[in-house]
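# Structural features, examined
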Amino acid sequence: MDDLPATTGCVGKRGAVTQALRSMQEKEGASPRAGRQYIWWTAIVSFALVLSALLALPSQTITSKYVNDLFVFLDGAHRIWSGQVPNVDFHTSLGALTFYIPAAGYGLSGSMGGAMPVGMAIVMLLFAAIAAEILGSRMHKALGLPLAAFLLLLVAAPANPGERIGDLTFAMFYNRLGWASLGLLLVMYLPRLSSARSKVVDAACASLLVLLMLYTKITYGVVELAFLVFLATDRRQIGWTALALGTIASSVLAIELLWRGSLNYLADLRLAGENSGGLPTLGALGHVLLNNLADLTVYAFVAGMFLVLAPSYRHLFFIVFCGVTGVLLIEQNFQRAGILTLAPSAAVVTQTLLRSELSRLHRKARLVLPLLLAFLLVPAAISNAAAVAIHARYAIAGQGEPMPLPEFSRIRLVETWSVGQYDYFVQYNRTLAEASDVLSQLGARQATVAVLDFVNPFSAGLPLRPPVGDSAWYHWGRTLGPENHPPAEEMFADVDLILDPKWPIEIWTANGMRDVFAHYIARYYDKVRETTNWRVYRRKA
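Worth saying up front: this structure is predicted, and the values here are computed from it rather than measured.

## Observations concerning the pairing of strand β7 (residues 534-539)
- Here strand β5 (residues 497-501) runs beside β7; their pairing, made up of five bridges, is antiparallel. Pairing of D500 across the sheet is with R535, part of β7.
- Examined bridge by bridge, strand β6 (residues 525-530) and β7 share five bridges and lie antiparallel to one another. Counterpart to K527 in the pairing with β7 is Y537.
- In sequence, β6 turns back onto β7 through a hairpin of three residues.

Encoded structure:
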C-alpha cells in the first residue's frame, strides 16, 4: 500500500508528459494555416526564385554534351511558334509539354538561347508552389525544407542525373521533371498535419503533377497514376484522391477537345514501343543495381528499420513501390546512376517514425534515420547545385563557342571535363556551318528541309518553315526501325530538300534512315549538291 502513491505519481507524470507531447503535435497541426504555410512559401519560393534567376537572366544556353538532344526541343519550340501542333502536324513519342515548355521560354526570352533556361525557370516556380503546399502540410521543416531544396535543384540543374559535375546539358530534362514530380507525389503518402481545405488543395496538387508527366514523359505519369490509385485505398485519403482522379480524367477529355492529338500521341507511343519496348532483361537490371548499390544499400537499411519499428502491409507496399518503380524508371532512361525515388521515400519514412510513439529503445534507433537520409540527399544536391552555378558562370561571362546557325548564336558549347565530347560536337558544328552555306547557295530560304539523322537543326537554326508530317526527332531502335517506321509518303510529303550527312551525329540512325528510305528518295528526289560532309537532294518537279 505504501508503494501505491509513488507508482500512481509516476504514471501520472508519464501521462502528463505524453499529454504534453500530444498537445504540442496538435498545436503544430492546428496552428493557423496561413502562418504555417507562409514560412514554407517564403523559404521554398525564395529559393526557387534564386535558381530561376541564375538560369533565366543571362538568357543563354550553355552545353558540353548531348547537343543533338537540345536541338530536338528547340526544333519543337520553333514548330509551335510556326503554328504547328505536336502529334497533329508532326510526330513525337514525347508529350506535347516537352515542346511547349521551351516554346514558352522562347516566347518570353525572344531567343533560342533563352528557350530552355527560361522555360525551366517557369516550371521551377510551378514546382515551388506545389512543393510548398505538399511539404508544408505534411512534414517538419527540418526534413521538408532539405527535401524541397533537393527536388528544386533537380529541376533546375542543366545536367543529366548521375553524370559528372560539369557535364552541362538540358538534354532529357523530362526525366528530371519526372523524378521531381514523382518525389513530391510520394510525400503525399503522409497524412496532413492539418485537414483544413485538404481535399481541394491536395487534389489540385496531385492532378497537376500527374498531368504534367502524362504530357511530358508518359512513363512517369503512369507510375504516378498507379500510386494515386494506391493512395485511394486509404480511408484517410480517399476524399482527395478520388477528386484528383476525377480531375485528371476530366482534364484529359478537355485537353483532347482542344488538342485533337491524343490518338496520334498513342500511335507514336505504340510505334516507339514496337521498336524499343519489352521487359528489361536480367542483365540490364543487374547493371542498374550494381551502379546504384550504395544508395540501394542505404535505402534497404531505412526500409528495414521502418518495417521493424512500424510493421504494416501498407508500409511494405510503399517501400516496394518506391524501390521497384525507381529501378524500372532508371532502366528505361538514358541514365546510369541516381534512383531518385529513394530519397523522397526515405524522407517519408523518417517523418513517419519521428512522429510515431515508440518505446525508448526504438526512439534511439530512429535517430540514425536523418543520417541515412542525408546520404541519399546531399551528394545529388551538391552535384545539381554545382551544375546550376557552373552554367550561370559560363552564361554570364559569355564563354564558349557559339553554335554556327544564326538563331543558335546564344547557345554556347563549352569544354569542361568531357574533352572527347567537346571535340565531337565541334566537328558536328563544322558540318552544320557547311550545310548552312550550301542551303544559302541553293536559295532555300523558303524551302522545307529534312535531315537523315537524329535531329533537324536547320528549321529552327536558320530559321526555315518546318515541314508537316515528319518527326521532331528520330532514333534508330527507339522511335523507328527496319520494320516499324512512319511511311515515307507521310514523312517527306512536305519536304523540298533532303540533307544526307556523311558525318551524322547518330550514325546508326543515319544509316538506318538511308537504307529504309533510299527507294523513295531515288524515285522522287534528284541529288543537286555533294560536299565534304553532305549530299543534298531536291524534290523533282
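## Overview of empty space enclosed by the protein
- The tally for this structure, following the rule as stated, stands at four cavities of 30 Å³ or more.
- Approximately 110 Å³ is the volume attributed to the largest cavity.
- A class-by-class count of the residues in the lining of the largest cavity yields six nonpolar, five polar and one charged.
- Here the second largest cavity is characterised by a volume of approximately 80 Å³.
- Taken together, 14 residues form the lining of the second largest cavity, with V451, N456, D470, S471 and Y474 sitting closest to its centre.
- By residue class, the composition of the lining of the second largest cavity is nine nonpolar, two polar and three charged.

## A short note on the confidence of the model for the chain
- Taken over all residues, the pLDDT of the chain has a mean of 90, while the share at 70 or more is 91%.
- Below pLDDT 50 for its whole length, residues 1-31 participates in nine contacts with residues either more than four positions away or in separate chains.

So, how was this worked out
Residues numbered from 1 in each chain as written. Predicted model: local features only at pLDDT ≥ 70, side-chain atom pairs only at ≥ 80, totals over all residues. Heavy atoms only, no water. Pairing = 2+ DSSP bridges. Helix = DSSP H or I, 4+ residues; strand = E, 2+ residues; numbered from the N terminus. 1 Å grid on protein atoms, 1.4 Å probe; cavity = no way out; pocket = protein on both sides within 12 Å on 5 of 7 lines; lining within 4 Å. Points joined across faces, edges and corners; volume = space filled by probe spheres on them. Nonpolar A, V, L, I, M, F, W, Y, C, P; charged D, E, K, R; others polar. pLDDT = per-residue confidence, 0-100. Contact = heavy atoms within 4.5 Å.

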